[in-house]
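Chain by chain, the residues:
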Amino acid sequence: MRKKIVAGNWKMNTDLDGAKELASGVCGLLNREVQGGTSQVPEVVLFPPHVFLPPVVRICADHQGISAGAQNCHQEEKGAFTGEVSAGMLASLGVTHVLVGHSERRAYFGEDDQMLAKKVERALAHGLTPVFCCGEMLQEREAGNHFEVIKSQLGNGLFWLDEIQIRKTVIAYEPVWAIGTGVTASPDQAQEVHAFIRKLLADKYEAGVSANLSILYGGSCNAQNARELFSRQDVDGGLIGGASLKAEDFIKIIQSF
Ligand code: 13P
């Protein structure tokens with residue numbers, strides 16, 4: 001059975017008090033869900049800015065089914081990389097996941113496939129689950145190239161892993177034109193790409209990999225559209241940006257299975 005996952009990418013938002021309040025708010029509401037036992041409760045991962053990871057890790061540690069992830073890690077083990085944060089440092093805090101290849105990192109920080117492959121390797125070496133993001137830009141979709149783009153991003157960044165390693169990853173499909181725009185992919189569009197990714201996995205790895213790897217959708221996913229997106233066969237949850245910044249909105253997305 002594939003894991004259902006709802007993840008909140010806070011990006012460069014909140015301050016210390018706000019981060020603690022948001023994490024506590026989500027944990028409190030999630031507790032009610034778990035105890036209520038009425039709906040299927042997915043695994044939840046919060047991705048605060050690096051500096052707020054220690055308190056968010058601590059808050060999550062008191063609750064079931066929720067943990068903290070990092071928005072990025074450096075690709076090298078350690079050394080003279082001023083201002084950077086390594087996978088080992090994150091693991092030592094109790095962080096469980098790390099985003100790799102978010103389109104904002106690719107676009108604004110020049111992260112290429114080769115660098116992303118190294119980040120994946122480094123994350124796995126420290127027992128972190130890489131959440132590998134892929135997705136096409138608007139002009140690529142309009143030109144009908146989205147499948148090629150996604151195939152190439154996954155091929156270069158992720159599919160060099162062996163059978164054992166790939167099972168320890170999560171994939172997030174985030175079409176760049178849907179991120180922060182209010183224009184979400186339709187459930188059919190999301191399903192089509194997710195099924196394509198699963199086929200790529202099936203072509204490359206043994207059947208169990210494709211069947212068991214969680215593929216999340218991200219891009220203007222919110223409390224209004226999550227249920228329909230998550231109802232599709234190959235959509236195993238969401239990577240949520242803006243709508244993860246209010247505990248009440250985020251919990252509604254968590255309730256959408
Ligand atoms: P929005 O939900 O704000 O569109 O952001 C999606 C995203 O980039 C999550 O990583």
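Check the entry above for the structure.
I will try to describe carefully the structure that is included in this document. By convention here, each chain's residues receive numbers from 1 onward along its written sequence. Thresholds applied to this predicted model are a pLDDT of at least 70 for local features of residues and 80 or more for the giving and counting of side-chain atom pairs; totals over whole chains, interfaces and linings are not thresholded and use all residues. With hydrogens and water set aside, each side-chain value is computed from the structure's full complement of heavy atoms.

Let us look at the overall build of the protein chain. Where helices and strands are cited, they refer to DSSP runs of H or I of at least four residues and of E of at least two residues respectively, numbered from the N terminus. For the protein chain, the helix and strand inventory stands at twelve helices and eight strands. Using C-alpha atoms as the atom set, the radius of gyration is obtained and then compared with a globule rule of 2.2 Å times the number of residues to the power 0.38. Against the globule reference of 18 Å for 257 residues, the protein chain gives a C-alpha radius of gyration of 17 Å, in line with a compact fold. Here the Shrake-Rupley method, with its probe set to 1.4 Å, supplies the accessible areas, and only the displayed protein chains count as covering residues. As displayed, the protein chain offers around 11,500 Å² of accessible surface, 51% of which is attributable to carbon and sulfur atoms.

A word on the side chain of His146. Relative to the helices and strands, His146 is located in helix α7 (residues 146-157). Whether two residues are in contact is decided by their heavy atoms, any of which lying within 4.5 Å being enough. The residues contacting His146, other than those within four sequence positions of it, are Glu136, Glu140, Arg141 and Val193.

All right, on to the pairing of strand β5 (residues 129-134) then. Judged by how many residues are buried, β5 sits mostly within the fold: six of six residues are covered. With burial as the criterion, each face of β5 is covered, one bearing Thr129, Val131 and Cys133 and the other bearing Pro130, Phe132 and Cys134. Here strand β4 (residues 97-100) pairs with β5 via four bridges, running parallel. Along β5, the bridge assignment pairs Leu99 with Val131. Burial classes: relative accessible area under 20% of the type maximum marks a residue as buried, over 50% as exposed, and values in between as partly exposed (1.4 Å probe, protein chains only). Strands are labelled as partners when DSSP assigns at least two bridges between them.

With that settled, the discussion passes to the sheet that holds strand β8 (residues 237-240). Pairing in this closed barrel of eight strands is parallel, and the strands run β1-β2-β3-β4-β5-β6-β7-β8 around the ring. Averaged over all adjacent pairs, the angle separating strand axes in this sheet is 25°, with direction ignored. Geometry is summarised by axes, namely lines fitted to C-alpha atoms with helices restricted to the contacting stretch, and by angles between N-to-C directions that run from 0 to 180 degrees. Lying on the sheet, helix α12 (residues 247-254) is in contact with β1 (5-9), β2 (43-47) and β8; it crosses β1 at an angle near 155°.

Here we come to the packing of aromatic side chains. Any two rings among Phe, Tyr and Trp, with Trp reduced to its six-membered ring, count as a pair given centres within 6.5 Å; such a pair is stacked if its planes are under 30 degrees apart, edge-to-face if over 60, and tilted if neither. Under the definition given, this model contains four aromatic pairs. With 4.7 Å between their ring centres and 55° between their planes, Phe147 and Phe196 make a pair best called tilted. Of this pair, Phe147 sits in helix α7 while Phe196 sits in helix α9 (residues 187-204); the two residues are 49 residues apart in sequence, bridging distant segments of the chain. Only Lys NZ and Arg CZ are tested; either one counts as a charge over a ring when it is within 6 Å of the ring centre and within 35 degrees of the ring normal. Cation over ring: Arg105 sits above Phe109, and NZ or CZ is 4.0 Å from the ring centre. Here Lys204 stacks its cationic end above the ring of Tyr205, 6.0 Å away from the centre of that ring.

This paragraph deals with empty space enclosed by the protein. The pocket and cavity definitions rest on a 1 Å grid over protein atoms only: a 1.4 Å probe that fits but cannot leave marks a cavity, an open set with protein on both sides within 12 Å along at least five of seven lines marks a pocket, and residues lining either have an atom within 4 Å of a point. Grid points are joined across faces, edges and corners, and a volume is the space filled by probe spheres set on the points. Per the stated rule, a full pass over the model turns up one cavity of 30 Å³ or more. The computed volume of the largest cavity comes to approximately 30 Å³. Considering the residues around the largest cavity, the lining is formed by Ile5, Ala7, Val45, Phe47, His97, Val131, Val170 and Leu216.

What follows is about unusual backbone geometry. Unlike most non-glycine residues, Thr14 shows phi in positive territory, near 80°. Tracing the sequence through the fold places Thr14 in the loop between β1 and α1 (16-36).

On to the site of the ligand, then. By convention in this text, a residue qualifies as near a molecule or strand provided that one of its non-hydrogen atoms is within 4 Å of it. Around the ligand, the neighbouring residues are Asn9, Lys11, His102, Glu174, Ala178, Ile179, Gly180, Gly219, Ser220, Leu239, Gly241 and Gly242. Contacts to the ligand include Asn9, whose side-chain N or O atom sits 3.0 Å from an oxygen atom. Whenever a nitrogen or oxygen atom comes within 3.5 Å of another N or O atom, the pair is scored as a polar contact, on the condition that within protein one atom can donate a hydrogen and the other can accept it, and that pairs from neighbouring residues in sequence are kept only if both atoms are in side chains. One nitrogen or oxygen atom from the side chain of Glu174 is found 2.9 Å from an oxygen atom belonging to the ligand. Across the complex, the protein chains shield 94% of the 310 Å² of accessible surface that the ligand would expose by itself. Residue classes follow a fixed rule: Ala, Val, Leu, Ile, Met, Phe, Trp, Tyr, Cys and Pro count as nonpolar, while Asp, Glu, Lys and Arg count as charged, and any other residue, Gly among them, counts as polar. Its residues assigned to classes, the shell around the ligand shows three nonpolar, seven polar and two charged.

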